[in-house]
Amino acid sequence: MNNAKVTLENMNVHFGTNHAVKSVSLAFVENTVTAIIGPSGCGKSTLLRSINRMHDLVPSAKVTGKIMFDGSDLYDRSVDPVAIRRKIGMVFQKPNPFPAMNIYDNVVAGYKLNNRMKRSDSDEIVETSLKRVALWDEVKDRLRTSAMDLSGGQQQRLCIARTIAVQPEVILMDEPCSALDPIATLKIEELVEELKERYTIIIVTHNMQQAARVSDSTAFMYMGEMIESGPTKKIFTTPENKQTEDYITGRFG
Amino acid sequence: MQNLYLRHFKSYAATAFMLLATLIVLTPLCLIFVHILKMGFSSLSVDFFTQIPKPTGESGGGMANGLFGSALLILLASFLGLPIGVLGAVYLTEFGGGRLATAIRFSADVLAGIPSIITGMVAYTLLVLPMKGFSTLAGAVALSLIMIPIVLRTTEEQLKMVPGTLREASLALGVPLWRTSLKVILKSAGKGVVTGILLAIARVAGETAPLLFTALGNQFWSRKLTEPIAALPLQIFSFAIAPYEDWHKLAWAGALVLVVIMFGLNLGARLLGRQKKYS
């Protein structure tokens, strides 16, 4: 595949004796949306979290194989996970704005917490980030109020704004709509469509319709293994694997 | 029907018993408060806050040096003890999962249970003996030893309540773990941590035993940290056991001021702790 931004090569994740992700190889193409689907506990979130090295904090977790990002191995000894996380952002299942910060500070949290903020450009960063997630008009008059007063959908869009404010190249989304109502979900999905022009997006979802709607490629995982991956249209219309077909047609999972 | 009356009777009896138990608990508190208020208020004057004790035989005087001494001791003790307690708690919640953490927790619990006079003796051995003299510094160290375990454990409890999703959110933005711990986790737990600190201060503000052979007490103003210093609880103690009537009065006034300070600190801690933090 051309323009692979992130490539997994024979990647395994172990938690102690639990083999959560089994020799997965997969390429994520630049400026596309890849959906990872599969039943609960199949290892999709685990796979996603190994891409920005969130497992580093779990002592029992061990990632083997290679994850190539722009041609270099993310798990190489010389790589600083903190620097990686600035390039590979993440949006979580439940909206998690910082409760002690107002809306404005939440957007620039990535700079503020690292003391990398210049006063002059923070206003601009806040405005462009919030506009990009279509939240600006809703909150521009109350930027200094608590982020906790926003609705769930607004909070999630704020979290996406916070992620893109640090100018990542890849955005990982871990079931970003599972805590949201259908209208808020629709807004996030539209947003994903737009964001892929600038970023490479990998989205884990439980919702197959969502995968079909937003993604260019789809990967189906089951019991830690990558069963099938390919263009979304093909996976959903003419899957090659029987298990994929059963899952997509709702026969299990 | 008979049965229903019996049940109602049982219900009322149980409620009445609980009310009685509550009253029994509250009675000593009220008695102490009312008595101290009665005895202390009449002896309280502006002099109490501005004057130092008069020599034996002269009437009047106050406990200004004791108030100042207590404030200085608490300030120094906080300066020494709070960073250790708070940062220790951050270590325990964020970085420590192994045996060392268990050992630290256990030692903190033991330290918190040690009678405060023993803590005073520790400070005496560590500082008073080598420095050949009672000092403000030794008193502050003794008090900080009492504060550390309280602050450590209350802060740890507060930090544990901060949702893990906030930690992840911060890390995912490329913020190093240590910055995340201090700026996100500790800040989110902020009010709860301050509550614990206030309670620790309230606890040591009234401590007398650890100061007996560290700060010692002083009839005059203390000029250096290496000199003995007056403290409110110490002054109350020495004035209360003295054979003079006006000294007793001063002791009552001191007791009133001390109780009001404690009451204020506890109330402040309660009010802060009551506000909700996470949704």
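Because the structure is a prediction, the values reported are computed rather than measured.

## Side note on the overall build of chain A
Line of reasoning, step 1. In terms of helices and strands, chain A carries eleven helices and ten strands.
Line of reasoning, step 2. Taken along the three principal axes of its C-alpha coordinates, chain A extends 55 × 45 × 35 Å.
Line of reasoning, step 3. Evaluated residue by residue, chain A yields a buried proportion of 48% over its 253 residues.
Line of reasoning, step 4. Long-range pairs, those at least 24 residues apart, make up 68% of the contacts in chain A between residues at least 6 apart in sequence.

## Some details on the overall build of chain B
Line of reasoning, step 1. Check the secondary structure of chain B and you find twelve helices and zero strands.
Line of reasoning, step 2. Classification of the 279 residues of chain B by burial places 41% in the buried group.
Line of reasoning, step 3. Intrachain contacts of chain B at a sequence separation of at least 6 include 71% that bridge at least 24 residues.

## Looking at the confidence of the model for chain A
One rule of thumb: low pLDDT means the predicted coordinates there are not for detailed reading.
Line of reasoning, step 1. Overall, the predicted model of chain A reaches an average pLDDT of 91, with 99% of residues at or above 70.
Line of reasoning, step 2. Here helix H5 (residues 119–132) of chain A stands out as the least confident element of chain A, with mean pLDDT 88; strand S8 (residues 200–204) of chain A is the most confident, with 96.

## Describing the interface of chain A and chain B
Line of reasoning, step 1. Taken together, the contacts link 21 residues of chain A with 20 residues of chain B.
Line of reasoning, step 2. For the side of chain A that touches chain B, the elements supplying multiple residues, two or more each, are helix H2 (81–87), strand S6 (88–91) and helix H4 (109–112) of chain A.
Line of reasoning, step 3. Residue contributions to the side of chain A that touches chain B peak at four residues, all from H2(A).
Line of reasoning, step 4. Partitioning the side of chain A that touches chain B into residue classes produces twelve nonpolar, five polar and four charged.

## Considerations on the environment of A:Ala27
All names here are of chain A.
Line of reasoning, step 1. Looking at the secondary structure, you find Ala27 in strand S2 (residues 18–29).
Line of reasoning, step 2. Residue classification places Ala27 among the partly exposed positions, given that 17 C-beta atoms sit within 10 Å.
Line of reasoning, step 3. C-alpha of Ala27 to C-alpha of Met54: the two residues are 27 residues apart in sequence and 20 Å apart in space.

## A look at the pairing of strand S10 (residues 225–231) of chain A
All names here are of chain A.
Line of reasoning, step 1. Note that strand S9 (residues 217–222) and S10 share six bridges and pair antiparallel. Looking at the pairing, Thr218 lines up with Gly230 of S10.
Line of reasoning, step 2. From the end of S9 to the start of S10, which pair antiparallel, there are two residues, and Met223 there has a positive phi angle of about 50°.

## Quick word on the packing of helix H5 (residues 116–131) of chain B against helix H6 (residues 136–160) of chain B
All names here are of chain B.
Line of reasoning, step 1. Between H5 and H6, the least distance of the axes is 9 Å, while the angle of their chain directions is 135°. Taken together, the axis directions place H5 and H6 in an arrangement best described as oblique. The interaxial crossing formed by H5 with H6 has right-handed handedness. Two secondary-structure elements touch here, H5 through Ser116, Thr119, Gly120, Val122, Ala123, Tyr124, Leu126, Leu127 and Val128 and H6 through Leu137, Ala138, Val141, Ala142, Leu145 and Ile146.
Line of reasoning, step 2. Along the lines of polarity and charge, the residues of the contact of H5 with H6 split into twelve nonpolar, three polar and no charged.

## Focus: the packing of helix H1 (residues 2–43) of chain B against helix H12 (residues 245–274) of chain B
All names here are of chain B.
Line of reasoning, step 1. Their axes nearest at 7 Å, the elements H1 and H12 cross at an angle of 125°. In terms of orientation, H1 and H12 fall into the oblique class. Crossing handedness for the pair H1 and H12: left-handed. On H12, the residues touching Phe33, Ile36, Leu37, Met39, Gly40, Phe41 and Ser43 of H1 are Lys249, Leu250, Trp252, Ala253, Ala255, Leu256 and Val259.
Line of reasoning, step 2. In terms of residue class, the contact of H1 with H12 is made up of eleven nonpolar, two polar and one charged.

## What to know about helix H7 (residues 152–165) of chain A
All names here are of chain A.
Line of reasoning, step 1. For H7, spanning 14 residues, the distance from its first C-alpha to its last is 20 Å, which sits close to the expected 20 Å at 1.5 Å a residue.
Line of reasoning, step 2. Of all 14 residues that make up H7, 13 are buried, and the element is covered over most of its length.
Line of reasoning, step 3. Downstream of H7 by one or two residues, Gln167 has phi in the positive range, about 55°.

## Points about the pairing of strand S7 (residues 170–174) of chain A
Residues and elements named next belong to chain A.
Line of reasoning, step 1. Taken across its five residues, S7 has five buried, putting it largely inside the fold.
Line of reasoning, step 2. Residue alternation in S7 divides its side chains into two sets, Val170, Leu172 and Asp174 and Ile171 and Met173, and both sets are buried.
Line of reasoning, step 3. In terms of strand pairing, S7 meets S8 through five bridges, oriented parallel. Looking at the pairing, Leu172 lines up with Ile202 of S8.

## A word on unusual backbone geometry
Line of reasoning, step 1. One non-glycine residue, A:Ser23, lies in positive phi territory at about 30°.
Line of reasoning, step 2. With respect to the secondary-structure elements, A:Ser23 resides in strand S2.

## Side note on helix H8 (residues 177–188) of chain B
Line of reasoning, step 1. When H8(B) is considered as a whole, its buried residues turn out to be B:Thr180, B:Ser181, B:Val184, B:Ile185, B:Leu186 and B:Ser188.
Line of reasoning, step 2. In this fold, the buried residues of H8(B) make contact with helix H3 (64–95), H6, helix H7 (164–172) and helix H9 (190–205) of chain B.

Rules used in this analysis
Starting afresh in each chain, residues are numbered from 1 along the sequence in its written order. For this description, chains carry letters from A and ligands carry numbers from 1, given in the order in which they are written. Per-residue local features of the predicted model are confined to residues with pLDDT of at least 70, and side-chain atom pairs are confined, for both listing and counting, to 80 or more; whole-chain, interface and lining totals are unaffected and use all residues. Per the convention used, a helix needs a DSSP run of H or I reaching at least four residues, while a strand needs a run of E reaching at least two, with both numbered from the N terminus. Comment: burial labels come from other C-beta atoms within 10 Å of the residue's own C-beta, placed from the backbone, where a count of 20 or more is buried, 12 or fewer is exposed, and between is partly exposed. Distance between backbone-placed C-beta atoms decides contact: two residues are in contact if it is within 7 Å. pLDDT gives the predictor's per-residue confidence on a scale running from 0 to 100. Residue polarity follows a fixed list, in which Ala, Val, Leu, Ile, Met, Phe, Trp, Tyr, Cys and Pro are nonpolar, Asp, Glu, Lys and Arg are charged, and the others, Gly among them, are polar. Strands are labelled as partners when DSSP assigns at least two bridges between them. Inter-axis angles, ranging from 0 to 180 degrees, are taken between N-to-C directions of lines fitted to C-alpha atoms, where helices are fitted over the stretch in contact. The labels follow the angle: roughly parallel below 35 degrees, roughly antiparallel above 145, roughly perpendicular from 65 to 115, and oblique for the rest. Here is the rule for handedness: rotate from the far helix to the near one, and if that takes an anticlockwise turn smaller than a right angle the crossing is left-handed, while a clockwise turn gives right-handed. Helix span, as expected, comes to 1.5 Å for every residue beyond the first.

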